[in-house]
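An overview of the molecular structure
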Amino acid sequence: MPGKDKNMEKEKVVEYNNKEITLEQLEDLEEQCPDICKTEPLGSSSSHPGCDWYSVEFTDGSAIDVFVR
């Protein structure tokens, strides 16, 4: 994860789309990116066994999926 920037750009967060991350990384994204408006757990992932699937929604209406191990 990048340094503890308090203002991570949305474009940097989008790089995590469809990737496995830790819960700590997800929390850092939520804290550091003002463009994130909601993070929603969607249940267990079938494409990433052992991970929980989350939708990360942005203020512009777009979203990415991440998988938390």
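In what follows, the accompanying structure is described. (Residues numbered from 1 in each chain as written. Predicted model: local features only at pLDDT ≥ 70, side-chain atom pairs only at ≥ 80, totals over all residues. Heavy atoms only, no water.)

Listed as buried for helix α2 (residues 23-32) are Q25, L26, D28, L29 and Q32. In an axial view of α2, the angular spread of the buried residues amounts to 160°, which keeps them on one side of the axis. Across from the buried face of α2, at angles greater than 90 degrees, the exposed residues are E24 and E31. On its buried face, α2 is in contact with α1 (10-14), β1 (19-21), β2 (36-44), β3 (52-58) and β4 (63-68). (Buried < 20%, exposed > 50% of the residue type's maximum accessible area, 1.4 Å probe, protein only. Helix = DSSP H or I, 4+ residues; strand = E, 2+ residues; numbered from the N terminus. Arc of directions from axis to C-beta. Contact = heavy atoms within 4.5 Å.)

Moving on, we come to the sheet that holds β1. Ordered by their spatial adjacency, 4 strands build an open sheet running β1-β4-β3-β2, and the pairing between neighbours is mixed. What marks the edges here is a single partner per strand, and that holds for β1 and β2. Across this sheet, the average inter-strand angle for adjacent strands is 35°, counted without regard to direction. Examined bridge by bridge, β3 and β4 share 6 bridges and lie antiparallel to one another. (Pairing = 2+ DSSP bridges. Axes fitted to C-alpha atoms, helices over the stretch in contact; angles between N-to-C directions.)

Another aspect to go through is the nonpolar core. A general feature of soluble globular proteins is that nonpolar side chains tend to end up buried together. In terms of nonpolar packing, the biggest core is built from 14 residues, with V13, I21, L26, L29, I36, V56 and V66 touching the most fellow members. Residue assignment for this core shows that the elements contributing at least two residues are α2, β3 and β4. Setting aside residues no more than four positions away along its own chain, L26 makes contact with I21, T39, Y54, V56, V66 and V68. (Core = buried A, V, L, I, M, F, W, Y, C linked by side-chain atoms within 4.5 Å.)

Our next topic: the pattern of salt bridges. Summed over the entire model, instances satisfying the criterion amount to 4 salt bridges. The salt bridge involving E15 is made with K12; its shortest N-O contact spans 3.4 Å. Between K38 and E40 there is a salt bridge, and its shortest N-O distance comes to 3.8 Å. Given a relative accessible area of 40%, K38 falls into the partly exposed group. Assessed through its relative accessible area of 33%, E40 is described here as partly exposed. (Salt bridge = Lys/Arg side-chain N within 4 Å of Asp/Glu carboxyl O.)

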